[in-house]
Structure formats: C-alpha cells, structure tokens
Amino acid sequence: MADRIGAISVRLGIGRDNYRIAPGLYALGEPGAASPVLVTCNFKLTVDLLRRELAGRALWLLVVETYGINVWCAAGKKSFSTEEIAGRVRAAGLEKVVTHRRLILPQLAAPGVAAQKLRKLCGFSGVFGPVRADDLPAFLDADMHAGPEMRNVEFKLAERLKVALVEVHGARKFMGWILAACFLLALLGPGGFSFAGIAGAGAGAFGVALAGFLTGVFIVPAFLRRIPVRAFAAKGLIAGALMGLLLAAILGRAWPEKTAALMACAAFASWFAMHYTGSTPFTSLSGVDREMRRYMPVQAVLIVFATMFWLAWAWWGDSVTRGL
Amino acid sequence: MKEFRHLENIVTLEYHPDKCVGCGACTTVCPHGVFNQENGKALLADRDGCMECGACALNCPTRAIVVRSGVGCAQAILYGWLSAIPFLRRLFVPDACCS
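Residues numbered from 1 in each chain as written. Chains lettered and ligands numbered in written order. Predicted model: local features only at pLDDT ≥ 70, side-chain atom pairs only at ≥ 80, totals over all residues. Heavy atoms only, no water.

1. Digging into a nonpolar patch on the surface
All names here are of chain A.
- A cluster of nonpolar residues, Val-229, Ile-238, Leu-242 and Leu-245, forms a patch on the protein surface that exposes about 340 Å² of accessible area.
- You can see Leu-242 is positioned in helix α12 (residues 232-251).
- Looking at Leu-242, the relative accessible area reads 55%, which means it is exposed. (Patch = residues over 30% accessible without salt bridge, like charges linked within 9 Å, V, L, I, M, F, W, Y side chains within 5 Å. Areas by Shrake-Rupley, 256 points an atom, 1.4 Å probe, with all protein chains shown as cover. Salt bridge = Lys/Arg side-chain N within 4 Å of Asp/Glu carboxyl O. Helix = DSSP H or I, 4+ residues; strand = E, 2+ residues; numbered from the N terminus. Buried < 20%, exposed > 50% of the residue type's maximum accessible area, 1.4 Å probe, protein only.)

Okay, structure coming up:
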C-alpha cells in the first residue's frame, strides 16, 4: 500500500528525486552462475515492477544509471546506452559472477543501445526481451523468444490516464503564470477598483483556463481514438470548444463573454493536448514539430481574441452587445 | 501501432534494401511493427507507424536504415526553439523534457 501511494505521488512529482536506485548488480531470489542477467534502469517504479513480476525466480538484475528516468525516455536521451551497460558490466565484475555471456535488455532500451556492439565492449552479447515486464516470465520460459505480441507497445485507457498525472506536474508552473495573468487582467477591468471585483473576474477567467487544462490533459487522452482528427492540438481544439460551449451556457452572461470563454477554453485544451504528445508512445519528432507549427498560431490568435472580447465586454458591456 | 495513428507521410525514415543483410534486428527492436522479415530481408511494412525513436537505425549493422531520431514531445521541441533565442537561452535547455 505504501508503494501504491508512492507510485501515485511520484507521477505527480512529489518526492520524484528519491525514486532513484543505486546502480549495480542486484540478486533476485538466489541466483547462481547460470542464472540469466536482466539489465534495467534505476527508476524505482521500474525496479519494483520487475521484482513483482519476477517474484519466485532466481536471476541477476544489472541496474544502470539513468538518473531515475524510465527505460524508454532514458534510451531516447542516451543515458541508457551501450557504453553505460558495458561500464556497469565491468564495474560489477559480471564475468566472474556468471558463466554465460548473455544480457537480457529491455526492448525499449533499443533507441540508446546497439546490441551488436555490446560484445566488443564488454564481452557480453545483448538479447532484447519483451516490451512489458509482465511478459518476462513467458519470455524466459520460451528460451528467450518474444513473439510479435510481446514486441509492440499498447496504450490502454488506464495507461493514458496514469501518464496524464505527469502532465499535471509538468504544467504546474505554467498554470501558476496563467493564474497571475488572469488576476492582472482582472485588475485592468472595471472591477479593478474593488477587491471583490478583481477576485470575481480573475477567478472566472482562471476557471476557464483550468477547464481547458483538464480537457487537454484528461478528456482528450481518455477519448483519444474517438476524436476523429489526427493532430493532438486539433483534438484539443474540438474537445476544448465543446467544453467551452458548456461553460458559456452555464456561466456566461452575454455573448461577448461566452465567446471569450469558448475561445480561451479551446486554446488551452489545444495547448495541453499538444503537450500530451510527449506522454504517448506513438508520436514522432517530425509529426509533433509539424502540428506545433500549424496549431500554435491558432492557439495564440484564439487567446488574443478571447482576452479582447472579455475586456471589451467588461468595460463597455451593453454598448458592445448593441453596437455590433 | 494500428490502433493509434499520428500524422501521415511525415516521418524521416529511410530504408535501403540493397544494404540489408536480413539479421532481423530492426523487426525485433521496433515497438510498432514498422518492419517485417520476408525472404531473408527486412520489409518496410508500415512506414507511417514509425515514431522516429531510432532503435532500428542504431541496431542495424549495415546502416541500411536512416532516420532523424528524436522524441515526439511538444515540450522538448518548444524548449529547443526557445533555447535558440538569445535571451531565453539561459532559461531553457533544449531537449529538457523527462528530466
């Protein structure tokens, strides 16, 4: 249970830096000279997962230094690398511990690890294991063979929402700035002379931003396949506009304010849905680059217009609605 | 991944079958089944499924695969752009997600 709570809070970034394990050779069960050697990162959640999935088995775990980052991201950033593994093999004196010369590597380490170069560097050859730790027992029992079903990544609803928690942590500073900006704008409005006026207008504006944030971070990932466009920013625009319509219908007082809420909500949802690309296992650098160039101007225009509508209506209320 | 798809026709993945020796490393490491093995050679089966992680290119012994690899992460790309701007250079490090 304590580990569960730890797992949730570490995703939210609480105590994130304590989730590193000292690199080196670890024993699971009572391994001998013929036991397999598994290589993994030093993120505590990953090592916990391996211990759970491999309970009751005897094997060696070679933990490499990835600075507490998971296997895939560490491989992408090249801290989980061929040289790092070779260095840890030598430091642990692995050739004296086991008689075989084979390392089982996590498949998702492959962006950083060239298995064909390992043998020359440290005398051990690398075999890529399955993507998921829960397939490891089957992989070991099948004489280190992984079928296509063990080789492909999935992205189920529970996984999509779990990684969304990481986005909450990533967005905390940005949302802090948005909060400050909302109150600053409220200060410029006609209510700026009274504390209640600022608090009301600022909270209203931040509420819209927060709704956009929650839409981009949770609703878009939850309905990822249902929203019929490819670009994440576009998915966010659609979901955010729907959420904005709902907000406007419930809270809006007149059309300029409703339009402002709709545009701001769509812009924020689009921005955060776009950032969710970093949590998915299938977007490419080129693809995300393209959608950012295409949709960031749209987001910016929406925000500028939303702010203008909001301030204009706050100052000139009735004359705006009658005049246009 | 067949279930989730990002933009079509955009990845930088290049495959040169003439250099392939059929070792199967690309098929093994790819998490999206982009390559298949057929008649002793790799076959580029699903180019648009590629996420440019670079695993295949790195593990190819004959450099038959070329890809501009990187992470498909908006924050990393954004920080990359911001860190190229003179004043903001001090505030943003390129490639600064997941750290």
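Don't stop here, the text continues.
2. A word on the domain arrangement of chain A
- Domains assigned within chain A are domain 1 (2-151) and domain 2 (157-323).
- Centre-to-centre, using C-alpha coordinates, domain 1 of chain A lies 40 Å away from domain 2 of chain A. (Domains from an automatic or database assignment.)

3. Structural notes on the pairing of strand β2 (residues 35-38) of chain B
Residue and element names in this part refer to chain B.
- Bridge count for β2 against strand β3 (residues 41-44) is four bridges, and the pairing is antiparallel. Pairing of Phe-35 across the sheet is with Leu-44, part of β3.
- The antiparallel hairpin formed by β2 and β3 contains two residues in its connecting segment, where Asn-39 sits at a positive phi of about 50°. (Pairing = 2+ DSSP bridges.)

4. Observations regarding the packing of helix α13 (residues 255-275) of chain A against helix α3 (residues 74-82) of chain B
- The geometry of α13 of chain A relative to α3 of chain B is characterised by a closest axis approach of 7 Å and an angle of 100° between their N-to-C directions. On the basis of the axis angle, α13 of chain A is roughly perpendicular to α3 of chain B. Residue-level contacts link Trp-271, Met-274 and His-275 of chain A of α13 of chain A to Ala-74, Gln-75 and Leu-78 of chain B of α3 of chain B.
- Considering only residue class, the contact of α13 of chain A with α3 of chain B consists of four nonpolar, two polar and no charged. (Axes fitted to C-alpha atoms, helices over the stretch in contact; angles between N-to-C directions. Parallel < 35°, antiparallel > 145°, perpendicular 65-115°, else oblique. Contact = heavy atoms within 4.5 Å. Nonpolar A, V, L, I, M, F, W, Y, C, P; charged D, E, K, R; others polar.)

5. Some points on the confidence of the model for chain B
- For chain B, the mean per-residue pLDDT works out to 90, and 93% of the residues sit at or above 70.
- By mean pLDDT, the top-scoring element of chain B is helix α2 (residues 55-59) of chain B (97), and the lowest-scoring one is α3 of chain B (90). (pLDDT = per-residue confidence, 0-100.)

6. Observations concerning unusual backbone geometry
- Phi at Lys-78 of chain A takes a positive value of approximately 65°, unusual for a residue other than glycine.
- Residue position: Lys-78 of chain A is located in the loop between α3 (71-76) and α4 (82-92).

7. Some thoughts on the state of the cysteines
- Going through the model one piece at a time under the given rule, you end up with zero disulfides over all chains.
- With no disulfide of its own, Cys-53 of chain B lies 6.4 Å from the sulfur of Cys-56 of chain B, the closest cysteine sulfur. (Disulfide = S-S within 2.5 Å.)

8. Observations concerning the interface of chain B and chain A
- Facing the 41 residues of chain B at the interface are 44 residues of chain A.
- Across the interface of chain B and chain A, roughly 3800 Å² is buried in total on both sides, 64% from carbon and sulfur atoms.
- Put simply, chain B and chain A have two salt bridges between them.
- Here Glu-3 of chain B makes a salt bridge to Arg-225 of chain A, at a shortest N to O gap of 2.9 Å.
- There are 19 residue pairs in polar contact (both at pLDDT 80 or more) connecting chain B and chain A.
- Contributions of two or more residues to the side of chain B that touches chain A are made by α1 (25-29), α2 and α3 of chain B.
- Of the residues forming the side of chain B that touches chain A, the biggest block, five residues, is contributed by α3 of chain B.
- Taken together, the residues of the side of chain B that touches chain A sort by class into 23 nonpolar, twelve polar and six charged. (Buried area = accessible area lost by both parts, 1.4 Å probe. Polar contact = N/O pair within 3.5 Å; in protein donor to acceptor, adjacent residues only side chain to side chain.)

9. Focus on the sheet that holds strand β1 (residues 24-28) of chain A
Residues and elements named next belong to chain A.
- Taken together, the five strands give an open sheet; going across it, the order is β1-β3-β2-β4-β5, and neighbouring strands pair in mixed fashion. Each edge of the sheet is formed by a strand with only one pairing partner; in this case those strands are β1 and β5 (125-128). Adjacent strand axes in the sheet meet at a mean angle of 30°, parallel and antiparallel pairs treated alike.
- Pairing geometry for strand β4 (residues 102-105) and β5, over four bridges, is parallel. Residue pairing in the sheet places Ile-104 in a bridge with Val-127 of β5.
- Those strands touched by α4 are β1, β2 (37-40), β3 (59-63) and β4, and its axis lies near 120° from that of β3.
- Relative to the sheet, helix α6 (residues 115-122) contacts β4 and β5, its axis offset from that of β5 by approximately 155°.

10. With respect to the packing of aromatic side chains
Residues and elements named next belong to chain A.
- In total, this model carries ten aromatic pairs over all chains according to the counting rule given.
- Look at Phe-174 and Trp-271: their rings are 5.5 Å apart centre to centre, the planes differ by 20°, and that puts the pair in the stacked class. With Phe-174 in helix α10 (residues 172-188) and Trp-271 in helix α13, this pair connects stretches of sequence that are 97 residues apart.
- On the accessibility criterion, Phe-174 (31% relative accessible area) is partly exposed.
- Between the aromatic rings of Trp-255 and Phe-309, the centroid separation amounts to 6.2 Å while the plane-to-plane angle is 70°, which identifies the pairing as edge-to-face. (Phe/Tyr/Trp six-rings, centres within 6.5 Å; stacked < 30°, edge-to-face > 60°.)

11. Examining a positive patch on the surface
- On the surface, Lys-117 and Lys-120 of chain A together with Lys-19 and Arg-63 of chain B cluster together to form a positively charged patch.
- Position of Lys-120 of chain A among the secondary structure elements: in helix α6.
- Residue classification places Lys-120 of chain A among the exposed positions, given a relative accessible area of 82%. (Lys, Arg positive; Asp, Glu negative; His and termini not counted. Charge placed at Lys NZ, Arg CZ, Asp CG, Glu CD.)

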